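# Topology and contacts: notes
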There are 2 protein chains.
Amino acid sequence: MISLINIPSTKNDLLTAAVLARWNSLTKPPGSLGRLESLVTQLALASGTAQPTVSRKTMVVFCADHGVTAEGVSKYPREVTGQMLHNFLAGGAAITVLCRQFGITPMIVDTGVDAEPLSGAINRRLGRGTSNFCNQPAMTESQLEQAIQNGIALADEVREQADIAAVGEMGIGNTTSASALLCAYTGMRPEDAVGPGTGIDAAGVSLKAAVIQRALTFHKRVVEEADPAKILATFGGFEIATMTGFLLGAAANRLPVVVDGFISSSAALAARAMSANVMDYLFFSHVSAETAHKRMLGALNAHAILDLEMRLGEGSGAAMVMPVFDAAVALYSQMATFPEAGVSES
Amino acid sequence: MISLINIPSTKNDLLTAAVLARWNSLTKPPGSLGRLESLVTQLALASGTAQPTVSRKTMVVFCADHGVTAEGVSKYPREVTGQMLHNFLAGGAAITVLCRQFGITPMIVDTGVDAEPLSGAINRRLGRGTSNFCNQPAMTESQLEQAIQNGIALADEVREQADIAAVGEMGIGNTTSASALLCAYTGMRPEDAVGPGTGIDAAGVSLKAAVIQRALTFHKRVVEEADPAKILATFGGFEIATMTGFLLGAAANRLPVVVDGFISSSAALAARAMSANVMDYLFFSHVSAETAHKRMLGALNAHAILDLEMRLGEGSGAAMVMPVFDAAVALYSQMATFPEAGVSES
C-alpha cells in the first residue's frame, strides 16, 4: 500500500568508539554522566558525526479531530481541538510557553481539525476529523497515503532548519485512537491499553475499552492481516498518520526526533512496523502518567528519559527534554580532559 | 551541642489553595502537568508567596578531603580533590559547564581540602581533611560547630543573591562518609549502604562496607546515643557538615534548596535529624546511580525529580533540574486561562 522509504541503520563501531573515547578523556569517572553520555552517543550515530549539535530545535505539533468522539470517550467537547489550535498560535498554551522558554521553534500543523482553517497553522488538512472507527476505517487508503507523504515532506523542510526535532499532538479523542493502535499492533487487550486521557473516571475508562473492543472485533480481518499501513488507516488519526510519515522522513534524513508521550509513541509504533530502523533516530522523552504508556514503551523496547508524571501531550514532555540534550552536548564538547586540567587518572 | 536554628513549617492551606486555583484555571486538564504543578506548590509554600520565582540561581559546591581515604576506599588518589577544585575554578569541570549552560552562579567553597588554598575558592577551611573515622571522630566538636556556623552564614549571603540555591560537593572518599552517616542515622547495615562511588569493583565495595562496620563498632556508643550533631562530627566530612549548616540556614531564610545526589542527601539526613522542618524547603534533584541512594531517599521520604543514571556529584544532578523549575514557573505564570483563551472547560 505505502511505498516504503529507505532508512539506513545507524550502526557504526568506529564512530561509537570515537564518542566513547572522548567521554572517557573528560575529567569525571568513566560513565558517571549516565544517560547524558548515552544520549550523545545515539545523537552522534543518528546524525553521523562525532560532534553532534542540538542548537536549532523545532517542535512540530500535529492537530486533528476524531470520529470516535461520537462514542463519548473524552471528557472535553470536540470543539476544544480547534480552540486549542488557536491557543497554540496565540502563545497561551503549555507547548508555546515551553517553546519560548527553551528556544524551540514551534510549527503548528492542522492535519484535519473540525473547524475553519486558521492562518498561522500549516495547512495539511485531510478532512474535518476522521470517521468513527467503530463502524468504518478512520480514513481511506488515499488519505493515509497523503498523510504519510505530508509527514515526509514536512521532515524534509524541518531538516533544513533544525539539528533536532520534536513531535507532539492535539486532538480530542486521540488517546482512544492511540490505545486502539496499541492493541492492533501488539495484541494487547483493550483493558490494558487504555487510561483516563484528559481525565475521565473509571466508568469512562471502561467505556473506552469497550469501544475499542467493539472496533477491534468489527475490523477483525484488518488486525489479523497485520498490514502496518492498513492498521494505521483503520484506527489512526490524521495527526498520528502524518506524524508517522514525519518520523519516517526524519530518519531517512538522519534528523534525530524526540517523541512526546502516549499518542506520539503510537505513531512510533506505526513507523517501526513500517521500517524498524526508524527506532535508531527516535528519543523517547518521558513516561506519561497515561496508564498504558509504560506498556507501550515496553512494546517499543524504549527507555524514556524523564518521568515527571505529565499527561498533557502537545509535545510538552518532548520540550522538557531539550535542556537535557543541551546539557549533554555542552558537557561532551566543553569539559576539560584529564591532561588539560592536570587531574590524575585512577 | 549545637544551638539549633528555628525553622518554621511551610504549612499554609490558603496559599496551597491559591496556587491550585491558578493551576486549575490554566488551559490544560487539571493536574496534567504532574510534577511541574507540585514543584511550584512546594516553591510557593517554601518562599511564602503565590508568585514564586527562580530567576536567580546559585550553586554552592562544598569541597573537602577525608581521613578515611587511608583505608583505600576510593579509586582515585586524594590529590584529585584539590586538582578538581582547580578545574572547577578554571571552568572545565562538569558542574562549571552546567552552571554556564543554565545561567547558574557557581560558588566554590573550600571547607578543608588537603592542598594550598586557591584564590577564587571561598575559604572556609577547617583543616587539611578530616581524621580517619575508623579510629577517632572525623572532626572535633568545635570543628563541627564552626562548619555549621559557616554553612548558616553562607546561606545568609546566598539568600541576598538568589531565588533558589543548589548544593553539590567534591571530596575523594566522601561516599564512604555518606554511607557511614546513612548507617548511623537509620540503622541500615553497611552492606546495604555502600556502592561503587567513583567506580571501585566488587572487592572494593566489600572493603568499604567492612571499613564502615569497623568504624560503627569503634563508635558504638555515639551511634547508640543518637545525638544528631555528634554522629555528624564522628562520621561526616567538613563539606558535609558545612552543607548541613547551609541547608538549615537556607530553610530558616525560606530559601528553597535543590539537593544533589548521594553525599548531598546525607547532609539532608543530618539536617533533618537536627530540625525536621528543613525538609519542607528541600528538593531532591535526582536518583543517583550510586546503589544506596534509592534507599537513602526512601529513608528521607523524598521523591527525586530526575533519574538520569548519573553518579558524578559536584552538584551536577541538581544543576540538571534547574530548567525543570524554569519551565514549571514559566507555565504557571505565562499560560492562558480558559476564559482568556476562549477554550471550553469540560
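Position numbers for residues start from 1 in each chain and track the written sequence from start to end. Lettering for chains starts from A, numbering for ligands starts from 1, and both go in the order in which the items are written. Local features are withheld for residues below a pLDDT of 70 in this predicted model, meaning they are given only at 70 or higher, and side-chain atom pairs are given and counted only at 80 or more; totals for whole chains, interfaces and linings count all residues. For the side-chain quantities, the full set of heavy atoms in the structure was used; hydrogens and water were omitted.

## Notes on the overall build of chain A
Across its full length, chain A carries 16 helices and six strands. Every radius of gyration here is taken over C-alpha atoms, with the globule rule written as 2.2 Å times N^0.38, N being the number of residues. Taking 346 residues into account, the globule formula puts the C-alpha radius of gyration at 20 Å, and chain A, at 20 Å, falls close to it. Expressed as lengths along the three principal axes of its C-alpha atoms, the size of chain A is roughly 70 × 45 × 40 Å. Buried residues are those whose accessible area, probed at 1.4 Å on protein chains only, stays under 20% of the maximum for their type, while exposed residues exceed 50% and partly exposed ones sit between those limits. Here chain A holds 346 residues, and the buried ones make up 62% of them. We call two residues contacting when some pair of their heavy atoms lies within 4.5 Å. Once local pairs closer than 6 in sequence are excluded, the contacts in chain A between residues at least 24 apart make up 77%. In the form shown here, chain A has an accessible surface area of approximately 11400 Å², with 51% of it arising from carbon and sulfur atoms. Helix and strand labels come from DSSP, where a helix needs a run of H or I of at least four residues and a strand needs a run of E of at least two; each type is numbered from the N terminus. Note on areas: Shrake-Rupley with a 1.4 Å probe; residue coverage comes only from the protein chains shown.

## Quick word on the packing of helix α6 (residues 174-186) of chain B against helix α10 (residues 228-235) of chain B
Residues and elements named next belong to chain B. Between N-to-C directions, angles cover 0 to 180 degrees, with each direction set by a line fitted to C-alpha atoms, over the stretch in contact for helices. The interhelical angle for the contact between α6 and α10, taken along N-to-C directions, is 150 degrees, at an axis separation of 9 Å. On the basis of the axis angle, α6 is roughly antiparallel to α10. You can see that α6 and α10 cross each other, and the crossing is right-handed. Residue-level contacts link S177, A180, L181, A184 and Y185 of α6 to P228, I231, L232 and F235 of α10. Polar here means any residue other than Ala, Val, Leu, Ile, Met, Phe, Trp, Tyr, Cys and Pro, which are nonpolar, and Asp, Glu, Lys and Arg, which are charged; Gly is therefore polar. When grouped by side-chain class, the residues that make up the contact of α6 with α10 number eight nonpolar, one polar and no charged. Here the angle decides the label: under 35 degrees means roughly parallel, over 145 means roughly antiparallel, 65 to 115 means roughly perpendicular, and every other value means oblique. Left-handed is the label given to a crossing in which the near helix is rotated counterclockwise from the far helix by less than a right angle, and right-handed is the label when the rotation is clockwise.

## Some words on the state of the cysteines
Residues and elements named next belong to chain B. Two cysteine sulfur atoms make up a disulfide if the distance between them is within 2.5 Å. Applying the stated criterion across every chain, the model contains zero disulfides over all chains. Summary of cysteine pairing: C134 is not part of a disulfide, and the nearest cysteine sulfur, belonging to C183, is at 12 Å. With relative accessibility at 3%, the residue C134 sits in the buried group.

## A closer look at the domain arrangement of chain A
Residue and element names in this part refer to chain A. By convention here, the domain bounds are inherited from an automatic or database domain assignment. If you check the domain split of chain A, you get domain 1 (13-52 + 330-341) and domain 2 (57-325). The C-alpha-based centres of domain 1 and domain 2 are spaced at 32 Å. Residue-level contacts link nine residues of domain 1 with 13 residues of domain 2. Where domain 1 abuts domain 2, roughly 930 Å² becomes buried across the two surfaces, and 62% of that area is made up of carbon and sulfur atoms. By definition, a salt bridge exists where a carboxyl oxygen of Asp or Glu is found within 4 Å of a side-chain nitrogen of Lys or Arg. Where domain 1 packs against domain 2, one counts zero salt bridges. Contacts described as polar in this section are N or O atom pairs within 3.5 Å, which, within protein, must combine one atom able to donate a hydrogen with one able to accept it, while residues neighboring in sequence count only if both atoms come from side chains. Where domain 1 touches domain 2, the interface holds six residue pairs in polar contact (both at pLDDT 80 or more). For the side of domain 1 that touches domain 2, the class distribution of residues is five nonpolar, three polar and one charged. Simply put, the buried area is the total loss of 1.4 Å probe accessible area from both parts when two parts are fitted together.

## Focus: the sheet that holds strand β2 (residues 104-112) of chain A
A pair of strands is treated as paired once DSSP finds two or more bridges between them. Read from one edge of the open sheet, six strands run β3-β2-β1-β4-β5-β6 (chain A), paired in parallel fashion. Looking along the sheet, the strands with just one partner apiece sit at the ends: β3 (122-123) and β6 (282-284) of chain A.

## Thoughts on the relation of the copies chain A and chain B
All copies are superposed by least squares; the fitting set is the C-alpha atoms of residues with a pLDDT of at least 70 in both. Structural alignment of chain A on chain B gives an RMSD of 0.0 Å, achieved by rotating through 180 degrees and translating 0.0 Å along the axis. The operation mapping one copy onto its partner corresponds to a two-fold rotation axis. When the interface residues of chain A are mapped onto chain B, 98% of them again fall at the interface, so both copies present the same face.

## Looking at the nonpolar core
Here, nonpolar core means buried Ala, Val, Leu, Ile, Met, Phe, Trp, Tyr and Cys residues that are tied together by side-chain atoms lying within 4.5 Å of each other. The biggest cluster of nonpolar side chains holds 122 residues, and the ones touching the most others in it are F88, M320 and F325 of chain A together with F88, M320 and F325 of chain B. Apart from the residues lying within four places of it in its own chain, the contact partners of F325 of chain A are L39, L43, V54, I164, V258, F283 and I305 of chain A.

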